[in-house]
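Commentary on secondary and tertiary structure
Below are the chains, spelled out letter by letter.
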Amino acid sequence: MEYWAHSRGVDPPDRPPEPHLLADHLHAVAKLSSAFAASFDCEAWGRLAGLWHDLGKYRPGFQRYIHQTHDPDAHIERVADHAKTHSAAGALHAINVLGPDIGRVLAFLIAGHHAGLPDRHESDGAGASLQARLANGESEYAEAIGESIPADILAGTMLAPNSVAKAGFALWMRMLFSCLVDADFLDTERYFTPEKAAKRDHYPELRDMKKALDAHMARFSEAATDEASAVNAKRAEVLAACRQKAALPPGFFTLTVPTGGGKTLSSLAFALEHALIHGKRRVIYAIPYTSIIEQTAQVFRDVFMPL
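Residues numbered from 1 in each chain as written. Predicted model: local features only at pLDDT ≥ 70, side-chain atom pairs only at ≥ 80, totals over all residues. Heavy atoms only, no water.

**Considerations on the environment of proline 250**
Quick reminder of the rule: Under the scheme used here, helices are H or I runs from DSSP no shorter than 4 residues and strands are E runs no shorter than 2 residues, and both carry numbers assigned from the N terminus. Any two residues having at least one pair of non-hydrogen atoms within 4.5 Å are treated as being in contact.
Mapped onto the secondary structure, proline 250 falls in the loop between helix H12 (229–245) and helix H13 (263–277). Sequence spacing of proline 250 and tryptophan 45 is 205 residues, and the spatial spacing of their C-alpha atoms is 27 Å. Setting aside residues no more than four positions away along its own chain, proline 250 makes contact with His274, His278 and Lys280.

Structure, rendered in structure tokens:
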């Protein structure tokens, strides 16, 4: 039996494309999720979440369906359609292998990797809570576990209880959840649209982005008119202050500047320099309102397009 995770469909009808083998998908997601979680010392957590997230796809019913139809949407889980669910099996496996405490953490991640982190207990009768998913997933797990699953996929690893303070547990769990979901989406994308996935391997380094910003700011200053000199002088003060503060220890910073004062580029300058000085790997912008997001994104495109 060849177990599939995904199929691109039948096109042309007489020569369907190669399927995405389930074991390959589980190993790839485990590797990616582990690498993402390494940044906060939780590689083993990310690895097991990736290995077990689609365990339910070993169910004979799911395999019959995807083999017969080549449905490219077969992997999309709908809790209301019990015949198509597959995430409860991995959640139950985590609890069975690791116990009700540590295993339940992974169960939240695995059960929610399509629909989002579930509540623990039922509140509206929709059957989407972890409690309901586990109760309704026993047959799913039994069907899956009865198949020829490679031993290295089923095997667990002892996980130390997370050392995050209780006040930070919710954030810690969401960080792990994002590792799993991103890994799953990225490996699925590699199969369905490899040309799109290939573009993700060429992100510029933060150091190169800083050079591009410096060059952009130099050109911006050269193009300034005399009429705007007073405003530009104030913008230069804001930029200089942001760059000066970039060397401060990581923490919380505020930037309060009137409209037109250059907050977008000055905050970007601070973020890039701060990241480089302190060995950070990413700059993440969280912005309200679609219009401001689009405006900011266009500014960044203008800066980084040469890269």
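**Some remarks on the pattern of salt bridges**
Pairs can form between side chains of opposite charge whenever their charged atoms are close. Inclusion rule: We define a salt bridge as a side-chain nitrogen of Lys or Arg found within 4 Å of a carboxyl oxygen belonging to Asp or Glu. A simple rule labels every residue: compare its accessible area, found with a 1.4 Å probe on the protein chains alone, to the largest value its type can have, and call it buried under 20%, exposed over 50%, or partly exposed in between.
For the structure shown, the criterion picks out nine salt bridges. Between glutamate 140 and arginine 59 there is a salt bridge; the shortest N-O distance is 3.9 Å. Remark: arginine 59 occurs in the loop between helix H2 (43–52) and helix H3 (60–69) and glutamate 140 occurs in helix H7 (residues 138–145); sequence separation between them is 81 residues. Accessibility assignment for this pair places glutamate 140 and arginine 59 in one class, buried. Among the ionic contacts, a cluster of salt bridges with common partners joins Lys210, Asp214, Arg243 and Glu273.

**Considerations on the packing of helix H1 (residues 22–37) against helix H9 (residues 169–192)**
Our working definition: Geometry is summarised by axes, namely lines fitted to C-alpha atoms with helices restricted to the contacting stretch, and by angles between N-to-C directions that run from 0 to 180 degrees. Each angle gets one of four labels, with under 35 degrees taken as roughly parallel, over 145 as roughly antiparallel, 65 to 115 as roughly perpendicular, and the rest as oblique. Crossing handedness follows the turn of the near helix against the far one: under a right angle anticlockwise gives a left-handed crossing, and clockwise gives a right-handed one.
One can describe the packing of H1 onto H9 by two numbers: an axis separation of 8 Å at closest approach and a directional angle of 135 degrees. It follows that H1 is oblique to H9 by the angle criterion. H1 and H9 meet at a crossing whose hand is right-handed. For the pair H1 and H9, contact is made by His25, Ala28, Val29, Leu32, Ser33, Phe36 and Ala37 and by Leu176, Cys179, Leu180, Asp182, Ala183, Asp184, Leu186, Asp187, Thr188 and Arg190, respectively.

**Remarks on the side chain of serine 34**
Structurally, serine 34 can be placed in helix H1. What serine 34 contacts, discounting residues up to four positions off in sequence, is Glu43, Gly46 and Arg47.

**Quick word on helix H5 (residues 102–111)**
Most of H5 is tucked away, with nine of its 10 residues classed as buried. Within H5 the residues assigned to the buried category are Ile102, Gly103, Val105, Leu106, Ala107, Phe108, Leu109, Ile110 and Ala111. Close packing links the buried residues of H5 with H2, helix H4 (87–98), helix H6 (130–136) and H9.

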